[in-house]
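# Inside the fold
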Amino acid sequence: MSVIVRWLGRQSYEPLWRAMQTFTDRRDDDTPDEIWFTEHPPVYTLGVNASREHLLAPGDIPVVQIDRGGQVTYHGPGQLMLYPLINLRRNGLGVRELVTALEQSVIRLLADDGVDAVARADAPGVYVDGRKVASVGLRIRRGCSFHGMAVNVDMDPEPFARINPCGMENLEVTDLKRLGAAPTLSLARAALLPHFSDAARIDTSAIVDDVPPVLSESAS
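Residues numbered from 1 in each chain as written. Predicted model: local features only at pLDDT ≥ 70, side-chain atom pairs only at ≥ 80, totals over all residues. Heavy atoms only, no water.

### Focus: the nonpolar core
Counting residues in each nonpolar core, the largest one holds 40 residues, and the members touching the most others are Ile35, Val106, Leu110, Met149, Leu176, Leu192 and Phe196. Those elements that place two or more of their residues in this core are strand 2 (34-39), strand 6 (79-85), helix 3 (95-112), strand 8 (126-128), strand 9 (131-141), strand 10 (144-152) and helix 4 (185-200). By residue number, the principal contributor to this core is helix 3, which donates 8 residues. Look past the residues within four positions of Val106 in its chain and what remains in contact with it is Val126, Val133, Ala134, Met149, Val151 and Leu192. Judged by nonpolar contacts, the second largest core, of 18 residues, contains Ala19, Met81, Tyr83 and Val214. (Core = buried A, V, L, I, M, F, W, Y, C linked by side-chain atoms within 4.5 Å. Buried < 20%, exposed > 50% of the residue type's maximum accessible area, 1.4 Å probe, protein only. Helix = DSSP H or I, 4+ residues; strand = E, 2+ residues; numbered from the N terminus. Contact = heavy atoms within 4.5 Å.)

### A word on the environment of Ala19
The topology assignment puts Ala19 in helix 1 (residues 13-26). Spatially, the C-alpha atom of Ala19 lies 14 Å from that of Arg6, the residues being 13 residues apart in sequence.

### Thoughts on the packing of aromatic side chains
To describe a pair of aromatic rings, you give the distance between the ring centres and the angle between the ring planes. By the definition in use, this model includes 3 aromatic pairs. Ring centres of Tyr44 and Tyr74 lie 5.5 Å apart, and the angle between their planes is 55°; this geometry places the pair in the tilted category. Taken together, the residues Tyr44 in strand 3 (residues 43-46) and Tyr74 in strand 5 (residues 72-75) connect sequence positions 30 residues apart. With respect to class, Tyr44 is no different from Tyr74; both count as buried. Members of the aromatic cluster, connected to one another through ring pairs, are Tyr44, Tyr74 and Phe160. (Phe/Tyr/Trp six-rings, centres within 6.5 Å; stacked < 30°, edge-to-face > 60°.)

The structure is reproduced here in structure tokens:
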């Protein structure tokens, strides 16, 4: 079954999160999987068991407590979000396999431009010389995934200095543009999708640009 791939443009965080929840709650074994690509206005998100001590000085940037794993992270303009809404059981994927597929998609994208990147067993995400370029945080409900991965493409790094990213003190962040790879969201999306499709062993040929109905409901 082909996965429906949607480019949603810039979307406010909370309505999109609620739409992911609704999509996951309503789906059944015949519902096609979807991948949502988007970016968000500035927002800090805290995982379900996150410690607020890692939220150092958020200032005027909103803070949203959500239901994924992990600690605090930042989302904002110039960051590509990849949200895989996938029935793991139907696709024969384990949670660790999905995390690895997300990480490998960024590692392979960077390798295309001669940049060596790695994943870490103790801290999900992708790193280049100790600097984080992508973060991963998932929620699995009824055997299906939502939330996903944030890839720093061309970002202002200042908001990351107001938190301990992913609960890690003094963690530096970087982005694809600074690393000489995929300097725009559209280029990053085009390069990332086939790598993720291959790593996750899914068919992502059904690409559309329309907004899913559940997102329209959540935003109203």
